[in-house]
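Secondary and tertiary structure notes
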Amino acid sequence: MQLKTLEQRHLLGLKDKSASEITELLDRAAYWEQSGNKLDPWFQGFFVANMFFENSTRTRFSFEVAEKRLGVQVLNFAAAVSSVQKGESIYDTVKTLEAMGIHAGVIRMKPNGLLQHLAEHVKIPLINAGDGSNEHPTQALLDLYTMRKHFGHLRGLKVSIIGDISHSRVARSNLWALRTMGASVQLCAPESMRATELAEFAPYVTMDEALNADVVMMLRVQLERHEEKAFSTPEQYRSSYGLTVERERKLKDHAIIMHPAPINRGVEIDDELVEHPRSKIFAQMGHGVPVRMAVMERALS
Ligand code: CP
């Protein structure tokens, strides 16, 4: 494997990533998916810290599984039982773990923009596990991996991203990466959940138009991030923007359903569709492990 610079080993987002960089990560994830549970002795002796300043189930545990499958020593940092509770900043926390000799850091946090600043002030690679509404690059990589595995290609796919676009780092990372890989993206959201700055990259369409796609990606309504009430009731949201059983019948025969999860069952997607034959939702979660192995391998290379 070719030696990489620190800048090439960070994964802060996908907006600046080329098609060849994304393809290399997806190919390497396919390698790790096929390689079973073998530990790679090369990674023994590396220490990696998973620093989650925001809650997580999928991202946190799939990074941990990925790191352990690689044979890396894992330090799990939880803000709730750390000196963050005494007022220590994210910056000082990362610098502290760097001083102890970790070789890479996985970080999830609320602020937008802080990750770039951190990356400029540390000498270890940082991997973005979701920052504010900015990017969630490993989620989008596993989403692309899932689409490529199903369709055999990404170029030419039409992907509809439906729901709470304004708060969604998943939507942004998917938008950047899918465009780079030659897919077309359309967005669908109520006025109160639109990110107008994205309209120049992907058009906003009606719900009926959004159903005419190869991939229908539903997003969670992120109630915890809404300062004002974005819709009157969950039933009203479901009726206007939810993927209901009735709407599923209008999808193209070959279309697949995706969702990054966690899911609000019965709000953005009907309960019956979560484990429907079209649904890739749990497959997406499984793909998180080999994709994060590829990302961690790149960081430690
Ligand atoms: N999809 C996702 O990021 O899930 P978690 O918040 O559980 O990590």
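All values reported here derive from a predicted model rather than from experimental measurement.

**A closer look at the overall build of the protein**
Each helix and strand in the protein was counted, giving 12 helices and 8 strands. Taken over C-alpha atoms, the radius of gyration comes to 19 Å for the protein, in line with the 19 Å a tight globule of 301 residues would show. Burial analysis of the protein (301 residues in total) assigns 57% to the buried set. Taken as a whole, the protein presents about 13400 Å² of accessible surface, with 50% of it coming from carbon and sulfur.

**Here we look at the pattern of salt bridges**
Inspection of every chain in the model, using the stated rule, returns 16 salt bridges. A salt bridge links Asp208 to Lys250; the shortest N-O distance between them is 3.9 Å. Here the residue Asp208 occupies a position in helix α8 (residues 207-210), and Lys250 occupies one in the loop between α10 (245-248) and β8 (256-258), the gap between them amounting to 42 residues. A residue is classified by how much of its surface remains accessible, and Lys250, at 53% relative accessible area, is exposed. Salt bridges linked by common partners bring Arg265, Asp271 and Glu275 together as one network.

**A few points about helix α7 (residues 169-180)**
Compared with the 16 Å implied by 1.5 Å per residue over 12 residues, the 17 Å span of α7 between its first and last C-alpha is a close match. Counting buried positions over the 12 residues of α7 gives 10, a clear majority of the element. If you check which residues of α7 are buried, you get Arg169, Val170, Ala171, Arg172, Ser173, Asn174, Leu175, Trp176, Ala177 and Leu178.

**Some remarks on the packing of helix α2 (residues 19-34) against helix α12 (residues 281-300)**
In the contact formed by α2 and α12, the axes pass within 8 Å of each other and the chain directions differ by 120°. It follows that α2 is oblique to α12 by the angle criterion. Between α2 and α12 lies a crossing of right-handed hand. Across from Glu21, Leu25, Arg28, Ala29, Trp32 and Glu33 in α2, the residues of α12 making contact are His287, Pro290, Val291, Met293, Ala294, Val295, Glu297 and Arg298.

**Considerations on the environment of Thr196**
Turning to its location among the elements, Thr196 is positioned in the loop between β6 (184-188) and α8. Taking the C-alpha atoms as reference, Thr196 lies 20 Å from Tyr237; in sequence the two are 41 residues apart.

**Focus: the sheet that holds β8**
Read from one edge of the open sheet, 4 strands run β6-β5-β7-β8, paired in parallel fashion. Edge positions in the open sheet fall to β6 and β8, since each of these has one partner strand only. Pairwise comparison of adjacent strand axes, ignoring direction, gives a mean angle of 20° for this sheet. As judged from the 3 bridges shared by strand β7 (residues 215-218) and β8, these two strands associate in the parallel manner. Following the sheet pairing, Val216 is matched in β8 by Ile257.

Here is what the cut-offs are and how they apply
- Residues numbered from 1 in each chain as written.
- Predicted model: local features only at pLDDT ≥ 70, side-chain atom pairs only at ≥ 80, totals over all residues.
- Heavy atoms only, no water.
- Helix = DSSP H or I, 4+ residues; strand = E, 2+ residues; numbered from the N terminus.
- Rg over C-alpha atoms; globule rule 2.2 N^0.38 Å.
- Buried < 20%, exposed > 50% of the residue type's maximum accessible area, 1.4 Å probe, protein only.
- Areas by Shrake-Rupley, 256 points an atom, 1.4 Å probe, with all protein chains shown as cover.
- Salt bridge = Lys/Arg side-chain N within 4 Å of Asp/Glu carboxyl O.
- Expected span 1.5 Å × (residues − 1).
- Axes fitted to C-alpha atoms, helices over the stretch in contact; angles between N-to-C directions.
- Parallel < 35°, antiparallel > 145°, perpendicular 65-115°, else oblique.
- Left-handed = near helix turned anticlockwise from the far one by under 90°.
- Contact = heavy atoms within 4.5 Å.
- Pairing = 2+ DSSP bridges.

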